[in-house]
Amino acid sequence: MIRIVYVSVATKPFDDKELLQLLARCRASNTERLISGQLIYSDGTFMQVLEGPEKEVDATYARIKKDTRHTNVTLLERNTIDEKQFPDWSMGFKTLNREQLEGIQGYNYQFDEDVNGDNPFTSQLFVSELMKNVKNQYVADISREGAALHQADTSLIGYLNKLVNYTVLVLAALMAFVVLCGVAEIAAELYVMIKSTPYVLLSISGITSTFASFLAVLIAIDIFINISLYVRKHVIAVRLVVATALMAVARKIIVLEFADIQPMQIIAMAGLVAVLGFCYYYLSRLKEND
Ligand SMILES: Cc1cc2nc3c(=O)[nH]c(=O)nc-3n(C[C@H](O)[C@H](O)[C@H](O)COP(=O)(O)O)c2cc1C
């Protein structure tokens, strides 16, 4: 593997669109050739690092040198390397204006110490330091943005979780209220039946409707248990849900007026009870095996 670093001067200034087009072309071609690196454009000057298999990098550099969009292509470094400096970048890219360039750590030092003549970009040390700094700054920016995003993300999720928990608590309170109302209703029904003339303790139809009311309250209690299990342990007790559904269907069956319904409705209900019964049986077996 080799690394090549060169600088060049654009024949005419590149605008953003031209730079993006060039970059798209570089990335596609470099990915195919296992080449990675970085391209920096600063006020008409290109600096590029190319790393990868020797044959591919040399061939690419030969093509780049012939490109008429830039001139004064000056090779600053051509070294054999064991490890890539830009392994994950088919072509990292950054445009830098003079101010940003000066903001890059080490710019002044390199500029003062290593530059021959007026153009800092002819210094191999300066360019390779610049490349490293741009990369490090880029990586730091990305991880800072990533960390900020992550923090925003987790605090948002935290708020939403709290909101859901409060909602579940409100549901639990409402359910407890429904249970109490159901019990009061049953007590009132029984009281009216017992008091009503001709003082028969309970008629058959009265007993049936009282059963239905009991079952309705039991269903409400099951739902309440489900909600409180969710609040305390964040689990949904599937077996309990199936049992509640079974109870709801059974309640319907208890109050059915068989004279008023179609045979298909009875068959459908039988199917529903069979399926729910099987689910309950299966879940119970699973629990036993646990
Ligand atoms: C500053 C600059 C950097 C370039 N970098 C690459 C590069 O990394 N990889 C690449 O395949 N082509 C790069 N190119 C484009 C090549 O010069 C050339 O246009 C391209 O490889 C297509 O070559 P071809 O027309 O001979 O196939 C670059 C061109 C310029 C001006």
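Residues numbered from 1 in each chain as written. Predicted model: local features only at pLDDT ≥ 70, side-chain atom pairs only at ≥ 80, totals over all residues. Heavy atoms only, no water.

Caption draft 1: Looking closely at the layout of surface pockets. Size it by volume and the largest pocket reaches roughly 370 Å³. Taken together, 18 residues line the largest pocket, and the ones lying closest to its centre are Leu22, Cys26, Ile64, Asp67 and Arg69. Among the secondary structure elements, those contributing two or more residues to the lining of the largest pocket are α1 (16–32), β3 (45–52) and α2 (54–66). Ranked by residues supplied to the lining of the largest pocket, first place goes to α1 with five residues. Here the residues of the lining of the largest pocket sort into eight nonpolar, five polar and five charged. (1 Å grid on protein atoms, 1.4 Å probe; cavity = no way out; pocket = protein on both sides within 12 Å on 5 of 7 lines; lining within 4 Å. Points joined across faces, edges and corners; volume = space filled by probe spheres on them. Helix = DSSP H or I, 4+ residues; strand = E, 2+ residues; numbered from the N terminus. Nonpolar A, V, L, I, M, F, W, Y, C, P; charged D, E, K, R; others polar.)

Caption draft 2: Inspection of the site of the ligand at higher detail. The environment of the ligand is made up of 16 residues, and the closest members are Ser29, Asn30, Gln48, Arg63 and Asp67. In the model, an oxygen atom of the ligand is placed 2.6 Å from a nitrogen or oxygen of the Asp67 side chain. Considering the ligand on its own, with 620 Å² of exposed area, one finds that the protein chains cover 80% of that surface. A molecule is said to occupy a pocket when more than half its atoms come within 2 Å of that pocket's grid points, and by this definition the ligand occupies the largest pocket. For the shell around the ligand, the secondary structure elements donating two or more residues are α1, β3 and α2. (Near = heavy atom within 4 Å. Polar contact = N/O pair within 3.5 Å; in protein donor to acceptor, adjacent residues only side chain to side chain. Areas by Shrake-Rupley, 256 points an atom, 1.4 Å probe, with all protein chains shown as cover. Sits in = over half its atoms within 2 Å of the grid points.)

Caption draft 3: Structural view of α2. For α2, spanning 13 residues, the distance from its first C-alpha to its last is 19 Å, which sits close to the expected 18 Å at 1.5 Å a residue. Here the buried face of α2 lies against β1 (2–10), α1, β3 and β4 (70–80). (Expected span 1.5 Å × (residues − 1). Contact = heavy atoms within 4.5 Å.)

Caption draft 4: A look at the nonpolar core. By size, the foremost hydrophobic cluster in this structure holds 18 residues, and its most contacted members are Ile4, Phe14, Phe46 and Leu50. Contributing elements (two or more residues each) for this core: β1, α1, β2 (36–42), β3 and α2. Core analysis: the next-biggest nonpolar cluster, separate from the first, contains 14 residues, Val5, Ile40, Val127 and Leu130 among them. (Core = buried A, V, L, I, M, F, W, Y, C linked by side-chain atoms within 4.5 Å. Buried < 20%, exposed > 50% of the residue type's maximum accessible area, 1.4 Å probe, protein only.)

Caption draft 5: View of a nonpolar patch on the surface. Where nonpolar side chains cluster on the molecular surface, the patch consists of Phe211, Phe214, Ile254 and Val255 and spans about 340 Å² of accessible area. Note that Val255 resides in the loop between α7 (238–254) and α8 (263–289). Judged by its relative accessible area of 35%, Val255 is partly exposed. (Patch = residues over 30% accessible without salt bridge, like charges linked within 9 Å, V, L, I, M, F, W, Y side chains within 5 Å. Salt bridge = Lys/Arg side-chain N within 4 Å of Asp/Glu carboxyl O.)

Caption draft 6: Broad picture of the confidence of the model for the protein. Per-residue pLDDT for the protein has a mean of 79; in total, 79% of the residues score no lower than 70. α2 holds the highest mean pLDDT among the elements of the protein, 95, whereas helix α4 (residues 107–114) holds the lowest, 45. (pLDDT = per-residue confidence, 0-100.)

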